[in-house]
Amino acid sequence: MRIGELADVVGVTTRAVRHYHHVGLLPEPERRANGYREYGLRHAVVLARIRRLTELGLGLAEVRDVLADDAGKDLVEVLTELDEDLARQEEAVRERRGRLRALLEAEGGLPAEGPVSPELAALFAGTAHLSDSPMAAKDREIIAFLETAMPEKARQQLVESLGEVLGPPEAVARADDAYARLDALADAEPDDPRVTEAARALADCIPPGLFPEIGDLDHDGGVLRAFYEDLAPAQAEAIRRTLRILTEER
């Protein structure tokens, strides 16, 4: 048989046949005097087995182990490992679907910053009236970023601490006032007296557990630098002063 005939019989492409030659799965046949490969029944049998194994989900390295005569893993071992791997994938898919259902069924719908955790989405829904505040919108974006970037334990602590900030009505009122003060600094200079007032108001909104290692933060490095660059100069100065207040008091 020629390569095209072999591929048609087994139900693969000629490109796949050449690739299996290249990676050493399918032995190269002898060539005729005219240079064409001449495939026999043994090649068709091996190629058909390669197709069946790959359709089960085996990688080519695993197929090589199965096809090996004296080395590697036997078929039962390889298929057992594949079954266990598929079971792990199924569990991961069920977990992801559960998270998706929780997001889709969350009260108040998905926030603009979504997808975020259901807990954070609920907190954002409770402060929907702050959506007209540019500074509140920036704050929500950075909070959503932090929830994604933090390790699980730190993420849980973040959400719990935010619950103190955004949960009780009196806390929401304080946050509303702080955001209004920060928004008013959009066109102000860094030495504007209102900067100190905004920093104090913002510091009063932040519970002790929100940034437990606030004193170790580099106020002008990494994420904070990028955050400052996205703000007006007076707003950035207010945030810097807020962090200094928290550092001194805690």
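Please refer to the structure higher up on the page.
Residues numbered from 1 in each chain as written. Predicted model: local features only at pLDDT ≥ 70, side-chain atom pairs only at ≥ 80, totals over all residues. Heavy atoms only, no water.

A. Inspection of the nonpolar core at higher detail. In this structure, Met135, Leu182, Leu185, Leu202, Leu231, Ala238 and Ile239 are the most contacted members of the largest nonpolar core, which totals 26 residues. Mapped onto this core, the elements with two or more residues apiece are α7 (134-149), α9 (169-183), α10 (193-203), α11 (222-229) and α12 (233-249). When residues in this core are grouped by element, the largest group, seven residues, is from α12. Not counting residues within four places of it along the chain, the set of residues in contact with methionine 135 comprises Tyr179, Leu182, Asp183, Phe227, Leu231, Gln235 and Ile239. Membership of the second largest hydrophobic core comes to 21 residues, among which are Ala7, Leu25, Val46 and Leu82. (Core = buried A, V, L, I, M, F, W, Y, C linked by side-chain atoms within 4.5 Å. Buried < 20%, exposed > 50% of the residue type's maximum accessible area, 1.4 Å probe, protein only. Helix = DSSP H or I, 4+ residues; strand = E, 2+ residues; numbered from the N terminus. Contact = heavy atoms within 4.5 Å.)

B. Just helix α2 (residues 14-22), in detail. Turning to α2, its buried residues number three or more, namely Ala16, Val17, Tyr20 and His21. All buried residues of α2 fall inside an arc of 145 degrees around its axis, so they share one side. Those residues of α2 that are exposed and aimed more than 90 degrees away from the buried face are Arg15 and His22. Lining the buried residues of α2 we find α1 (3-10), α3 (41-55) and α4 (60-67). Just downstream of α2 lies glycine 24, where phi reads positive at about 85 degrees. (Arc of directions from axis to C-beta.)

C. Geometry of the packing of aromatic side chains. Across all of its chains, the model carries zero aromatic pairs by this definition. Lying over the aromatic face of tyrosine 36, arginine 2 brings its terminal NZ or CZ to 3.9 Å of the ring centre. (Phe/Tyr/Trp six-rings, centres within 6.5 Å; stacked < 30°, edge-to-face > 60°. Lys NZ or Arg CZ within 6 Å of the ring centre and 35° of its normal.)

D. Summary view of the side chain of glutamate 237. Topologically, glutamate 237 is positioned in helix α12. Assessed through its relative accessible area of 16%, glutamate 237 is described here as buried. Beyond its immediate chain neighbours, meaning those up to four positions away, glutamate 237 contacts Pro190, Val195 and Arg244.

E. Summary view of the pattern of salt bridges. Taken as a whole, this structure holds twelve salt bridges when the rule is applied. Between arginine 37 and glutamate 28 there is a salt bridge; the shortest N-O distance is 2.9 Å. Here glutamate 197 makes a salt bridge to arginine 181, at a shortest N to O gap of 3.6 Å. Pair noted here: glutamate 197 is in helix α10 and arginine 181 is in helix α9, with a separation of 16 residues, a long-range link. A cluster of three or more residues bridged by salt bridges with shared partners is formed by Asp177, Arg181 and Glu197. (Salt bridge = Lys/Arg side-chain N within 4 Å of Asp/Glu carboxyl O.)

F. Just the packing of α7 against α9, in detail. For the pair α7 and α9, the least separation of the axes is 8 Å and the interaxial angle reads 110 degrees. Viewed along their axes, α7 and α9 adopt a mutual orientation that is roughly perpendicular. Residues Pro134, Met135, Ala136 and Asp139 of α7 lie in contact with α9, whose contacting residues are Tyr179, Leu182 and Asp183. In terms of residue class, the contact of α7 with α9 is made up of five nonpolar, no polar and two charged. (Axes fitted to C-alpha atoms, helices over the stretch in contact; angles between N-to-C directions. Parallel < 35°, antiparallel > 145°, perpendicular 65-115°, else oblique. Nonpolar A, V, L, I, M, F, W, Y, C, P; charged D, E, K, R; others polar.)

G. Fine view of the side chain of serine 133. When you line up the elements, serine 133 lands in the loop between α6 (118-125) and α7. Under the relative-accessibility criterion, serine 133 is labelled buried at 9%. At a separation of 3.1 Å, a polar atom in the side chain of serine 133 contacts the main-chain amide nitrogen of alanine 136. Within the structure, serine 133 has its side chain in polar contact with the side chain of aspartate 183 (distance 2.6 Å). Setting aside residues no more than four positions away along its own chain, serine 133 makes contact with Tyr179 and Asp183. (Polar contact = N/O pair within 3.5 Å; in protein donor to acceptor, adjacent residues only side chain to side chain.)

H. Seen up close, the packing of α1 against α2. The interhelical angle for the contact between α1 and α2, taken along N-to-C directions, is 105 degrees, at an axis separation of 9 Å. Relative to α2, the element α1 lies roughly perpendicular. Residues Ile3, Gly4, Leu6 and Ala7 of α1 touch α2, and the partners they reach there are Thr14, Val17 and Arg18.

I. Structural context of α10. Among the residues of α10, Val195, Ala198, Ala199, Ala201, Leu202 and Ala203 are the ones counted as buried. Looking at the buried positions of α10, the neighbouring elements they touch are α9 and α12. Of the residues flanking the start of α10, the one acting as N-cap is aspartate 192, its side-chain oxygen 2.8 Å from the backbone nitrogen of arginine 194.

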